[in-house]
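These are the residues of each chain, in order.
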Amino acid sequence: MTHPTVAILGAGSMGEILAEGLVRAGWETENIILLVRREERAREAERHTAIRATLDPVEAVTGRDVLVIAVKPKDVEHLLGQIGDVVTPDQVVVSLAAGVPVEIFESALEGSAVVRAMPNTPAAVDEGMTAYCAGDHADSDSLALANMVLAAVGETIQLSEDLLDAVTAVSGTGPAYVFLLAEALTEAAIREGLPHHAAEKLVIQTLRGAGALLSVSDKSAFRLRAEVTSPGGTTAAAMHMLEDGGFRALMERAVRSAAQRSRELGDMAREQAGK
Ligand SMILES: NC(=O)c1ccc[n+]([C@@H]2O[C@H](COP(=O)([O-])OP(=O)(O)OC[C@H]3O[C@@H](n4cnc5c(N)ncnc54)[C@H](OP(=O)(O)O)[C@@H]3O)[C@@H](O)[C@H]2O)c1
């Protein structure tokens, strides 16, 4: 399958991450175009990605196979107003906008194949996790095109739309949980007397190593943790403290709160669109 032509509508941080990933995956830069809304952003995005940026929505959309919507959820309605008359039913629309339901795109872009996706920022190093769901008009060919674009920057999984708020809370928001853990662990390491550079190195490689082990091992996280926790040992002391302090319950509340926020963004998008 040859690479589809791609327009990235809204070249901010996620848009640029995807654009750069497509180039790393073998897309010719001429087969990608970025839509921006400020001249200064256009120059900046072109400098970062070596891909042409335009301020003209019609030029960005016309003739591209896949249209990736990468504006903030609050800007989706305005963008759809700009491109609604130009998008044709043979184009595949892939939205990355958190919480914005498929129906918003389907009613603005009648007959279009819509795919709603939730990526995450490790896509910047081709280790992204993207979950996506299919709209009513997305057939297997459209899904294959969407998957090809999304899989350029990591793993993908197709799920039903009702699960995407949970996905947002787990893998979309997930990198921030890990970065917070890294910050907290580094601070604790420094308080135990380790020099800053050593603390950072220990923490980063430990997170990287544990993640790699977890991803290649056929053992569960529970099993791997049990194997490093001997009764009365140092890990057991730390685990006891975390369990006692409510770590699990806190994690659950954090995920629930992110999922709730995602649902609220969806409701706001529906209200904005008069749905
Ligand atoms: N970042 C993440 O971790 C992440 C993860 C999963 C999903 N997402 C989703 O990805 C989308 C983008 O997020 P982001 O973090 O990349 O936001 P961002 O950095 O603010 O990028 C959005 C870009 O879209 C531009 N824009 C807005 N309306 C436009 C229009 N009508 N025409 C052309 N350009 C327009 C903005 O221009 P200005 O520069 O002028 O504001 C900005 O550069 C969001 O919907 C978010 O939910 C993000």
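As the structure is a computational prediction, the values presented were derived from the model and not from experiment.

Asker: An account of the site of the ligand is requested, with residue identities and associated values reported.
Answerer: In the region of the ligand, 24 residues are neighbours, and Met 14, Arg 37, Arg 38, Val 71 and Gln 82 sit closest. Measuring from an oxygen atom of the ligand, one finds a backbone N or O atom of Val 71 at 2.6 Å. At a separation of 3.4 Å, an oxygen atom of the ligand approaches a polar side-chain atom of Lys 72. In the complex, the protein chains occlude 83% of the 890 Å² of accessible area that the ligand would expose alone. For the shell around the ligand, the elements supplying multiple residues, two or more each, are helix H1 (13-24) and helix H4 (76-83). A breakdown of the residues in the shell around the ligand according to their chemical character gives 13 nonpolar, six polar and five charged.

Asker: Before we move on, can you summarise unusual backbone geometry with the specific residues and values?
Answerer: Of note in this structure, Ala 50 is not a glycine but carries a positive phi near 60°. Its place among the elements puts Ala 50 in the loop between helix H2 (39-49) and strand S3 (53-54). Owing to a relative accessible area of 59%, Ala 50 belongs among the exposed residues under this scheme. Of note in this structure, Asp 126 is not a glycine but carries a positive phi near 60°. Tracing the chain through its elements places Asp 126 in the loop between strand S6 (113-118) and strand S7 (128-134). The partly exposed category is assigned to Asp 126, whose relative accessible area is 31%.

Asker: Please set out H2 residue by residue, giving values where relevant.
Answerer: Because the α-helix completes a turn every 3.6 residues, residues three or four places apart line up on one side. Within H2, burial applies to Arg 41, Ala 42, Ala 45 and Thr 49. Down the axis, H2 shows its buried residues gathered within 105° of arc, on one side only. Opposite the packed face of H2, turned more than 90 degrees from it, sit the exposed residues Glu 40 and Arg 47. On its buried face, H2 is in contact with H1, strand S2 (32-35) and S3. Phi for Ala 50, located one or two positions after H2, is positive at around 60°.

Asker: Account for the pairing of strand S8 (residues 154-158), naming residues and giving values.
Answerer: In terms of strand pairing, S7 meets S8 through five bridges, oriented parallel. Residue pairing across strands places Ala 131 opposite Ile 157, the latter belonging to S8. The handedness of the S7 to S8 crossover, carried by helix H6 (residues 140-150), is right-handed.

Rules behind the numbers
Residues numbered from 1 in each chain as written. Predicted model: local features only at pLDDT ≥ 70, side-chain atom pairs only at ≥ 80, totals over all residues. Heavy atoms only, no water. Near = heavy atom within 4 Å. Polar contact = N/O pair within 3.5 Å; in protein donor to acceptor, adjacent residues only side chain to side chain. Areas by Shrake-Rupley, 256 points an atom, 1.4 Å probe, with all protein chains shown as cover. Helix = DSSP H or I, 4+ residues; strand = E, 2+ residues; numbered from the N terminus. Nonpolar A, V, L, I, M, F, W, Y, C, P; charged D, E, K, R; others polar. Buried < 20%, exposed > 50% of the residue type's maximum accessible area, 1.4 Å probe, protein only. Arc of directions from axis to C-beta. Contact = heavy atoms within 4.5 Å. Pairing = 2+ DSSP bridges. Right-handed = clockwise from strand over helix to strand, strands pointing away.

Shape descriptors only; they carry no functional weight alone.
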